[in-house]
Amino acid sequence: MLKDITFGQYYDSKSVIHKLDPRVKIVLMILFIVFIFVSQNFFALIFSALSVFLVVLASKVPLKMYLKNMKAILPVLIFTAVINVFYGDGGKVLLSFWIIEINTQGIYKAVFMALRILLLIFISSALTYTTTPNDLTDAIESLLSPLRFVGLKSAVHTLAMMMTIALRFIPTLIEEAEKIMNAQKARGADLESGGLVDRVKALIPILIPLLISSVRRAYELAEAMECRCYNGGEGKTRMKQMKMKITDFYLSSVAVLMCAVVIVLNILF
Amino acid sequence: MGILEVKNLTHTYGGSSPFINDAVSNVSFSVEQGEIIGIIGHTGSGKSTLVQHLNGLLKPTDGMVLFCDEDIWANPKDIRKIRSKVGLVFQYPEYQLFEETVFADISFGPKNMGLCGEELEKTVTEICELVGVKPEYYEKSPFDLSGGEKRRVAIAGVMAMKPQVIIFDEPTAGLDPKGREDVMKIIKDYRIATGATVIIISHSMEDMALLADKILVMNKGEIYKFGSVYDVFSDVEGLRNIGLNVPIVTKVFLQLKELGVDIKTEIFTVENAIDEFKKLKEGNKNA
């Protein structure tokens, strides 16, 4: 059950998107998010949807994987849609009850918002499916590097290192948690039945050993890093240098063009 | 039949993924009441996976496990009952300690079985006496103990459920010589006190030769051999081929034989060796 948790859900299919510079990918994702939100009417939104869909296709990640992500977000999606249904003003009244009124404008809004959230999930999944967690943190570090001019150089590096370590240790901790769960189950612990309070209580024998071993691991890791002369970013070089390639420029231009089209569609309709 | 019986057990990790990997395939054996069984095998040979089936932590992909002639998965809801009858002490069990006091931690298992009040206290005290946890330790935090003491408390935590079969997965790993001896003694004492069946996974051929009645040799998820200590350790070539070895004493005798000394090589413990040397000495006198 714990093994089903995916995080940093990289899916290796060696597409064009995979080969993009991770920094470019992050910036482009932000751009996509911006034009999804800038889209004011259905034409613009449908154009955004098409562009997002194009990215999804180009990523060569099976659509099934994207839909798997939708499952988790479905309650939020439905909630947003339902709330928006009641907030339409104008349009034909479809249903009226006490102070609640549902009209076509409300339905329109609900669909519009749901579609927006859907697109957001798709585009951010596209980023995480095509970029390894390590590339992501490296890219974030690189993108945040201008902060050094305001005296935050070490902070940026520390943040990136913390993210890298956190990501690196997720599978280790999952494995550890499974071991501890098995050990407590062997001592007769009941993790599967009982009410909410019982279940939360049943977690204590797992969480405490897990916490203790994480602290121990942290100390060990810190020592191992110091033994290898880690001194926090100063003068550190990278094994994999990030370089912008010509495809990065091409795809960025296409994305900017798409953004322009959205703006034009917004003005036209 | 035996107290514990494994029939054609197969376990496949990864379900339907392309990385199908039989961790244990078609394993069958039977353990009699009161026996000490040693399990040896190279790293990744499926020993740990195998023992996790014996108390129902893992469900066999195929085949079954019988405890007292009953399929342990006959009623999946009752699987927790099996876990108190077949105790399993994991590798590095001290990492599972979590309570505020030693006494409370050892009580965890019996409490889960539904014991309480005086009965619980009596059971825990008994086990503490058996494994040598002194009363002045009862109210200490388990996290303040030394490595060897923690291991002792953790083992007591499983023994407190009074299992009829108790399985140890490398109980002496990471301990100093004194600690190893202590753990071995605890295991023997528990067996004498309760008559329980003991199954031990170990990489120490010496310990196996000393303790076990029978040895189960695993290789690549299959049983390579299941027989008496004599049967298993006489097969020197076979053991070496699968990344294992014979006890050091046996090695000494093998080399002496190679040097031309007329000597038995089926010597597996230091005591056997002393007897054999005595015989040799007397033989020389007589000659």
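Residues numbered from 1 in each chain as written. Chains lettered and ligands numbered in written order. Predicted model: local features only at pLDDT ≥ 70, side-chain atom pairs only at ≥ 80, totals over all residues. Heavy atoms only, no water.

Topic: the sheet that holds strand β9 (residues 214–219) of chain B
Residues and elements named next belong to chain B. As summarised here, the arrangement of the six strands in space is β6-β7-β8-β3-β9-β10, forming an open sheet in which the pairing is mixed. In this open sheet, the two edge strands, each paired with only one partner strand, are β6 (86–89) and β10 (222–228). Taken over all neighbouring pairs, the strand axes of this sheet differ in orientation by 15° on average, direction set aside. Across five bridges, strand β7 (residues 165–169) lies against strand β8 (residues 197–201) in parallel orientation. Opposite D169, over in β8, you have I201 as the bridge partner. Sitting on the sheet, helix α1 (residues 47–54) is in contact with β3 (36–41), β6, β7, β8 and β9, with an inclination near 145° to β3. (Pairing = 2+ DSSP bridges. Helix = DSSP H or I, 4+ residues; strand = E, 2+ residues; numbered from the N terminus. Axes fitted to C-alpha atoms, helices over the stretch in contact; angles between N-to-C directions. Contact = heavy atoms within 4.5 Å.)

Quick word on the domain arrangement of chain A
Where the parts come together, the accessible area they lose is often given as the size of the interface. Assigned domains of chain A: these are domain 1 (9–131 + 244–268) and domain 2 (146–227). The C-alpha-based centres of domain 1 of chain A and domain 2 of chain A are spaced at 33 Å. (Domains from an automatic or database assignment.)

A short note on the packing of aromatic side chains
For the structure on display, the rule yields 13 aromatic pairs over all chains. Considering the side-chain rings of F42 of chain A and F112 of chain A, the 5.5 Å spacing of their centres and the 90° angle between planes classify their relative orientation as edge-to-face. Taken together, the positions of F42 of chain A in helix α3 (residues 42–58) and F112 of chain A in helix α5 (residues 104–130) put the pair 70 residues apart, joining distant regions of the chain. By way of ring pairs, the aromatic residues F42, Y108 and F112 of chain A are connected into one cluster. Above the plane of the ring of F169 of chain A lies R168 of chain A, whose end atom (NZ or CZ) is 4.7 Å from the centre. Its guanidinium or amino end placed over the ring of Y137 of chain B, K140 of chain B lies 4.5 Å from that ring's centre, counting from NZ or CZ. (Phe/Tyr/Trp six-rings, centres within 6.5 Å; stacked < 30°, edge-to-face > 60°. Lys NZ or Arg CZ within 6 Å of the ring centre and 35° of its normal.)

Description of a nonpolar patch on the surface
All names here are of chain A. A contiguous nonpolar patch, built from L74, I78, F79, V82, I83, F86, Y87, F97, W98, I99 and I100 and spanning about 1200 Å² of accessible area, is present on the exposed surface. Considering each element in turn, the nonpolar patch owes the most residues, five residues, to helix α4 (residues 63–85). Summarising the element assignment, F79 is placed in helix α4. (Patch = residues over 30% accessible without salt bridge, like charges linked within 9 Å, V, L, I, M, F, W, Y side chains within 5 Å. Areas by Shrake-Rupley, 256 points an atom, 1.4 Å probe, with all protein chains shown as cover. Salt bridge = Lys/Arg side-chain N within 4 Å of Asp/Glu carboxyl O.)

Focus: the nonpolar core
One broad rule of soluble globular proteins: the nonpolar side chains tend to lie buried together. In this structure, I40, M159, F168, I215 and F233 of chain B are the most contacted members of the largest nonpolar core, which totals 52 residues. With six residues, the top contributor of residues to this core is helix α5 (residues 147–159) of chain B. Residues in contact with F233 of chain B, not counting those within four places in the same chain, are I40, M205, M208, A209, I215, L239, N245, V246, P247 and F268 of chain B. Counting residues in each nonpolar core, the second largest holds 40 residues, with V55, V56, F112 and F122 of chain A among its members. (Core = buried A, V, L, I, M, F, W, Y, C linked by side-chain atoms within 4.5 Å. Buried < 20%, exposed > 50% of the residue type's maximum accessible area, 1.4 Å probe, protein only.)

Regarding the domain arrangement of chain B
All names here are of chain B. You can read the domains of chain B as domain 1 (4–246) and domain 2 (247–287). Averaged C-alpha coordinates put domain 1 and domain 2 at centres separated by 34 Å. Listed by partner, the interface residues are twelve residues for domain 1 and eight residues for domain 2. Of the roughly 830 Å² buried between domain 1 and domain 2, counting both surfaces, carbon and sulfur atoms make up 78%. The largest per-residue losses of area from domain 1 upon contact with domain 2 belong to E206, Y230 and V246, which jointly make up 48% of the total buried on that side. Taken together, domain 1 and domain 2 are joined by zero salt bridges. Between the two partners, domain 1 and domain 2, sit one residue pair in polar contact (both at pLDDT 80 or more). Elements with a minimum of two residues in the side of domain 1 that touches domain 2: α7 (205–211), α8 (229–234) and α9 (236–241). For the side of domain 1 that touches domain 2, a count of residues per class yields eight nonpolar, two polar and two charged. (Buried area = accessible area lost by both parts, 1.4 Å probe. Polar contact = N/O pair within 3.5 Å; in protein donor to acceptor, adjacent residues only side chain to side chain. Nonpolar A, V, L, I, M, F, W, Y, C, P; charged D, E, K, R; others polar.)

Topic: the pattern of salt bridges
With the rule as written, the count across this model stands at 16 salt bridges over all chains. Salt-bridge contacts for E220 of chain A lead to R216 of chain A; the nearest nitrogen and oxygen are separated by 3.8 Å. On the criterion of helical spacing, the pair formed by E220 of chain A and R216 of chain A is a turn pair, its members being four residues apart in helix α8 (residues 196–227). With a shortest N-O distance of 3.5 Å, K225 of chain B and D235 of chain B are connected by a salt bridge. One end of the pair, K225 of chain B, is in strand β10; the other, D235 of chain B, is in the loop between α8 and α9, with ten residues separating them in the sequence. On the basis of relative accessibility, which here comes to 27%, the residue K225 of chain B falls in the partly exposed class.

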